[in-house]
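# Fold and contact review
Residue strings, one per chain:
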Amino acid sequence: MKTYLSSGEVFLGHRLVGEHPERPERLQAVLTAIDGSDLVGRFRWLPPRRATDEELLRVHTAPYLADLRQRMGDLQPKGQGWLDPDTYYGPGTYQAALHAAGTACELALRIAESSGDNGFALVRPPGHHASSDRAMGFCLLNNVAVAAAAVRATGRRVAIVDFDVHHGNGTEEIFARDGSVLVISLHQFPFYPGSGAATAIGEGNGRGFIVNIPLPEGSAGPEYKLACKRVVLPVLRRFAPDVILVSAGFDGHAQDSLAGMGLVEDDYAAMVASLLAVQSRLVLVLEGGYHTSALPASVLSVLRVLIDATGPGGPGGYRPSGHDAGTAASDEVRRLLGELQKLHGL
Ligand SMILES: [Zn+2]
């Protein structure tokens, strides 16, 4: 069993002249932390590549892709602009976005065909707010959706788990009427982007294939752990995916100032370990995470799980938030999870 890691300089080229939380320093901090860790030499590097038109067109509309190319394809060195109030682009953005989607695809295809390898695509810009025809919330192309569609095209079953603190509204919109891809999102609610209520479960053929777990502000390890046990893992086991893709955002970390959750790095490790226990073919794709020390610490913690394939209580000796004190999940979350179990027939 191998762990693949994919990243590159091309993802640092997406930058704004001015202040913005989604900045290249995020990824640079992660790469520096990996370089300085004991994990060097314990994974295989996979070079980034561009997404093909065929791959992008499974998810995005031709007019939207043409619009992106026209606005950003030949941008002058000092040119920059905005696709929505939060989503900037600069001269390096077009190549970064194409490579983010392509790299997620390449890694997902590699893992899907393996006998149980896993991997992490350390890419930016992020993707899960991008819909078929609209950029939103720092996202231009929906990297994880493009990768899921690529794996599905090989005849394999794909599930997406999104633990970024924001609802993965773009991914939901892309697969809401589909029924061949299971999409599970755990997120702070109510919060940006406003969608992601428990009652949004997909439509038509997709009914029941969208699972939203809207957690209240302040949720931490105990709430996420119970949500996994009661809803995420049973739904995944029932769907029996050949590969699980993860929209791996780390902005639910207690130190991250963009949101109000209380996760620590070991909570992410525990979550990834529980997903690995369902399906060892696991592919993580970086989404949010804006604190330049909490983000690399969380990525390293998750990488250790991928490399060692050990769960909580294993050699890693995880200490998820709240567990030492025996903290139970809040009553509000217990009630929510009970409702979700009924809604999804668990
Ligand atoms: Zn986010």
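On a predicted model such as this, the values are computed, not experimentally measured, just so you know.

One can find His128 in the loop between strand S5 (118-121) and helix H5 (143-152). There is a polar contact of 2.7 Å between the side chain of His128 and the side chain of Asp162.

Before going further, it helps to spend a moment on the coordination of the zinc ion. Those donors, Asp164 (OD), Asp164 (OD), His166 (ND1) and Asp251 (OD), are the protein atoms that reach the zinc ion, and they lie 2.0 to 2.8 Å from it. Each of the four donor atoms bound to the zinc ion contributes to angles spanning 52 to 155°, and the resulting shape is irregular. Read in sequence order, the donor residues for the zinc ion give the motif D-x1-H-x84-D. For the pair Asp164 and His166, a shared accessibility class is recorded, and that class is buried.

Let us now look at the sheet that holds strand S1 (residues 3-6). Ordered in space as S2-S1-S5-S10-S9-S6-S7-S8, the eight strands form an open sheet in which the pairing is parallel. Looking at the sheet topology across the chains shown, the edges are occupied by strand S2 (44-45) and strand S8 (210-215). For S1 and S5, the ladder comprises four bridges, and the chain directions are parallel. The residue bridging Thr3 from the neighbouring strand is Asn118, located in S5. Each of S1, S5, strand S9 (243-248) and strand S10 (282-286) touches helix H4 (residues 93-112); the most contacted strand, S5, lies at about 180° to it. Contacts from helix H7 (residues 221-239) reach strand S6 (158-162), strand S7 (181-188), S8 and S9, with the element oriented near 170° to S7.

Strand residues, when the strand is regular, have side chains that alternate between the two faces of the sheet. In terms of burial, S7 is a largely internal element, eight of the eight residues being buried. Here S7 shows two buried faces, one formed by Val181, Val183, Ser185 and His187 and the other by Leu182, Ile184, Leu186 and Gln188. In the sheet, S6 pairs with S7 via five bridges, with the strands oriented parallel. The partner of Val161 across the bridge, within S7, is Ile184. The parallel pair S6 and S7 is bridged by helix H6 (residues 169-175), and the resulting crossover is right-handed. Bridge count for S7 against S8 is six bridges, and the pairing is parallel. Note that in S8 the partner of Gln188 across the bridge is Leu215.

Attention shifts here to the nonpolar core. If you look at the biggest cluster of nonpolar residues, it comprises 109 residues, and the most contacted ones within it are Phe120, Ile213, Leu236, Leu245 and Phe250. In this structure, Phe250 is in contact with Phe120, Phe163, Asp256, Tyr268, Leu286, Gly288, Gly289, Leu295, Ser298, Val299 and Val302, ignoring residues within four places of it in sequence.

As a further point, take helix H8 (residues 265-278). With 14 residues, H8 should cover 20 Å at 1.5 Å per step; its first-to-last C-alpha distance of 21 Å lies within 8% of that length. Most of H8 sits out of view: 11 of its 14 residues are buried.

Residue placement: Ser131 occurs in the loop between S5 and H5. Owing to a relative accessible area of 1%, Ser131 belongs among the buried residues under this scheme. If we skip the residues at most four places from it in the chain, Ser131 touches His60, Gly170, Glu173 and Ile174.

Pro190 follows Phe189 through a cis peptide bond whose omega is -5°. The topology assignment puts Pro190 in the loop between S7 and S8. Going from Tyr192 to Pro193, the amide bond is cis rather than trans, its omega being 5°. Mapped onto the fold, Pro193 is located in the loop between S7 and S8. Its identity as a non-glycine residue notwithstanding, Phe138 has a phi of 75°, on the positive side. The residue Phe138 is located in the loop between S5 and H5 in this model.

Definitions and cut-offs
Note that residues are indexed from 1 along each chain, following the sequence as it is written. Local features are withheld for residues below a pLDDT of 70 in this predicted model, meaning they are given only at 70 or higher, and side-chain atom pairs are given and counted only at 80 or more; totals for whole chains, interfaces and linings count all residues. To get the side-chain values, all heavy atoms of the structure are used, and hydrogens and water are removed first. Think of it this way: any DSSP run of H or I at least four residues long counts as a helix, any run of E at least two long counts as a strand, and we number them from the N terminus. Polar contacts here mean pairs of N or O atoms no more than 3.5 Å apart (in protein, one a potential hydrogen donor and the other a potential acceptor; neighbouring residues in sequence count only if both atoms are side-chain atoms). Coordination here is defined by N, O and S atoms within 2.8 Å of the metal (3.2 Å for Na, K and Ca), and since water is not considered, a site can look incomplete. Irregular is the label for any site that misses the other tests, which are tetrahedral for four donors with all angles between 85 and 135 degrees, and square planar for four donors or octahedral for six when opposite donors exceed 155 degrees and the remaining angles lie between 65 and 115. For the exposure calls, accessible area comes from a 1.4 Å probe over protein chains only, and a residue counts as buried if that area is under 20% of its type's maximum, exposed if over 50%, partly exposed in between. What makes two strands pair is DSSP finding at least two bridges between them. It only takes one pair of heavy atoms within 4.5 Å for two residues to be counted as in contact. Helix axes are fitted to C-alpha atoms over the stretch in contact, other axes to C-alpha atoms as well, and angles between N-to-C directions run from 0 to 180 degrees. Crossover handedness is defined by viewing with both strands directed away from the observer: a clockwise path from the first strand over the helix to the second marks the crossover as right-handed. Take the buried residues of types Ala, Val, Leu, Ile, Met, Phe, Trp, Tyr and Cys, join any two whose side-chain atoms come within 4.5 Å, and each joined set is a nonpolar core. Expected helix span is taken as 1.5 Å per residue step, with the number of steps being one fewer than the number of residues.

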